[in-house]
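Results of the structural survey
One-letter residues, chain by chain:
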Amino acid sequence: MEKISGAEALMRSLEHEGVDVLFGYPGGSIMPTYDALYDHKDTLNHILVRHEQAAVHAAQGYARVSGRVGCCIVTSGPGATNTITGIADAMIDSTPLVVICGQVGAAMLGTDAFQEVDVVGVTQPITKWNYQIRRAEDIPWAVARAFYIAKSGRPGPVVLDFTKNAQTAKIEFKPQTVDFIRSYKPVHHPKQADVELAAKMINESVKPFMLVGQGVELGRARQEVLELCEKAQIPFGQTMLGLSTAPSDHPLNIGMLGMHGNLGPNVMTNQCDLLIAVGMRFDDRITGNLNTYAKQAKIIHFDIDPSEINKNVKVDLALLGDCKETIALVSEKVVPAKHQSWIDGFKPYEEKEYNKVIEGALYPKEGPLLMGEVIRKVSEASGNEAVLVTDVGQNQLFACRYFKFTKERSCITSGGCGTMGFAIPAAMGACFGAPERTVCMFAGDGGFQMTIQELGTIMENQIPVKMILLNNNYLGNVRQWQYMFFDKRYSFTPMANPDYEKIAEGYHIPCRTVVERKDIDEAIQEMLQTKGPYLLQVAVKEEDNVLPMTPPGGNVDEMLFEVE
């Protein structure tokens, strides 16, 4: 059998796993791998990012929109440590990644060699699995295992620490496939008694309410969830990461849950008699004060991860397993029902929120442009079919409130980690993960500057991302909290900004700045009709606030409509 280098074995193993796009940045300890990659440019499309953190975020965007495992390659030392934020982000948001890091030769481990970092030790708490490849013979096994772990069960990131000697040593190569690990049980199956009890609880409920999380999208269970909700007339709310699990205009879709969500679903949580959570983890931004959260309701929790059961909220019944399976099993035993009076009871809350907040946010009659109106205009101009990618802050919260969705895997944002700088690289990855779709990215002036160097990656590859920079000259979300909870003491939140048009010009990216409301519709059409990348800078109201809002630690159904 032909003998090949470990680096070549890695390339062939990645091809065997179906990898088509790699995001990365070369360096000393990973150089043999990049040398092997030179001969695989036709099958492995390598995208050279400008910073290793961006490589991970790009892989996240690719994975989130495509449903496949994202993959990136970096060198040792600072190359590896620069990936930590993205790996942590992927872990908490359940994004399947394989991150391959170069490492010094095995003989030099522990000697504080140049650019040596204990990558396995550093990443252990923020990965599903990590492994140091010290022998070339272990490459096919390690790669197959890494991809299986990353994508099975509750998805997540895996790190392979690839020593230089393993890259250069020669082996006889045979690709491997892993679909079982004795010590690892990624999917459980529910007991029949629990399925029957869940159906009984739903059938007996008078005021049921479902919380739909990203797990529904990860489990490809959109149809099953909608069939159950429609059969039993169960209204549902969505977490931020679960916003595209169902069409925004579905008649049972009550809106977004949580701190900056819609009033109706938050009030409904503390009025329902049965709370059904599917593929969500009862994050603190969803629950608010746990001492008052849904105390009147019985709770059913559908989840693939046993560690999430009773972690934050004690439930009456847990159905462990893939929600595509578990929801379907329960739905078979649920009888058709109508809860129209229960559903209609929340129309006054919708009207209150519309009159107090939404109408003014979307249809202002005068004054500066608002984030909300710009976001809704972009959504409507794309036919509500675009992929939304956001940064973190007010741009994210306004976007998740006012962008509308018709297709699955359309809301790409940093949820649990809240990573500023996420948007530009994640949008790049989304363009590769769904090249047939329009990707619209929103960022504030703070987060935009954190990964602004990736305009170079966009330029080089002519990535057709539509970037909307909502510029308010503030770290807007921090400023809002300072206004509301820190006596309006704006400590280091005002920002002096560069000339973004000149920066875009330097990267040969078309750019336009809009200040007046009369120009925004034409500018959006110009952006969407331009082939390749485009930067639309919009000067928005400096001291706008995202409302309504549940104060930190407050009761989920007591939302503020005023900032005073």
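Above this text is the structure in question.
Time to look at the overall build of the protein. When its secondary structure is counted, the protein shows 24 helices and 20 strands. Computed over its C-alpha atoms, the radius of gyration of the protein comes to 24 Å, within 12% of the 24 Å expected for a compact globule of 564 residues. For the protein, the spread of C-alpha atoms along the three principal axes comes to 70 × 65 × 40 Å. For the protein, with 564 residues in total, the buried portion stands at 59%. Considering only intrachain contacts with a sequence separation of at least 6, the fraction spanning at least 24 residues in the protein is 76%. A total of about 22,400 Å² of accessible surface is found on the protein, and carbon and sulfur atoms cover 50% of it. The average position of the 53 basic charges and that of the 68 acidic charges among the side chains of the protein differ by 4 Å.

Let's shift gears to the pattern of salt bridges. One pass over the structure, following the stated rule, counts 18 salt bridges. As a salt-bridge pair, Glu 2 and Arg 12 come within 3.9 Å of each other at their nearest N and O atoms. Note that Glu 2 is positioned in the segment before strand 1 (3-5) and Arg 12 in helix 1 (residues 6-16), a separation of 10 residues in sequence. The partner of Asp 521 in a salt bridge is Lys 377, with the nearest N and O atoms 3.2 Å apart. Pair noted here: Asp 521 is in helix 24 (residues 520-529) and Lys 377 is in helix 17 (residues 371-381), with a separation of 144 residues, a long-range link. Judged by relative accessible area, which is 25%, Lys 377 ranks as partly exposed. Each of Arg 154, Asp 305, Glu 308 and Lys 311 takes part in one network of salt bridges that share partners.

For the rest of this paragraph, the subject is the side chain of Glu 454. Among the secondary structure elements, Glu 454 is positioned in the loop between helix 20 (445-450) and helix 21 (455-461). Buried and without a salt bridge, Glu 454 has Arg 50 as its closest oppositely charged side chain, separated by 5.9 Å. Among the polar contacts made by the side chain of Glu 454, one reaches the main-chain amide nitrogen of Arg 50 at a distance of 3.1 Å. There is a polar contact of 3.1 Å between the side chain of Glu 454 and the side chain of Gln 453.

So, on to the pairing of strand 9 (residues 208-212). Counted residue by residue, strand 9 has five buried out of five residues, so it is predominantly covered. Side chains Pro 208, Met 210 and Val 212 of strand 9 all project onto a buried face; the interleaved residues Phe 209 and Leu 211 project onto the opposite face, where all are buried too. Relative to strand 12 (residues 274-278), strand 9 runs parallel, the two sharing five bridges. Its bridge partner lying in strand 12, Leu 211 is registered against Ala 277.

Our focus in this paragraph is the environment of Gly 102. Tracing the backbone through its elements, the reader meets Gly 102 in strand 5 (residues 97-103). C-alpha of Gly 102 to C-alpha of Ser 379: the two residues are 277 residues apart in sequence and 41 Å apart in space. Here Gly 102 is in contact with Ser 29, Ile 30, Val 74, Thr 75, Ser 76, Asp 161, Phe 162 and Gln 167, once residues within four sequence places are set aside.

Turning our attention to the side chain of Glu 353. Inspection of the secondary structure puts Glu 353 in helix 16 (residues 347-362). Residue classification places Glu 353 among the buried residues on the basis of a relative accessible area of 3%. In this structure Glu 353 touches Gly 261, Asn 262, Leu 263, Gly 264, Ile 358, Arg 401, Pro 548 and Phe 561, once residues within four positions along its chain are discounted.

Calculation notes
Residues numbered from 1 in each chain as written. Predicted model: local features only at pLDDT ≥ 70, side-chain atom pairs only at ≥ 80, totals over all residues. Heavy atoms only, no water. Helix = DSSP H or I, 4+ residues; strand = E, 2+ residues; numbered from the N terminus. Rg over C-alpha atoms; globule rule 2.2 N^0.38 Å. Buried < 20%, exposed > 50% of the residue type's maximum accessible area, 1.4 Å probe, protein only. Contact = heavy atoms within 4.5 Å. Areas by Shrake-Rupley, 256 points an atom, 1.4 Å probe, with all protein chains shown as cover. Lys, Arg positive; Asp, Glu negative; His and termini not counted. Charge placed at Lys NZ, Arg CZ, Asp CG, Glu CD. Salt bridge = Lys/Arg side-chain N within 4 Å of Asp/Glu carboxyl O. Polar contact = N/O pair within 3.5 Å; in protein donor to acceptor, adjacent residues only side chain to side chain. Pairing = 2+ DSSP bridges.

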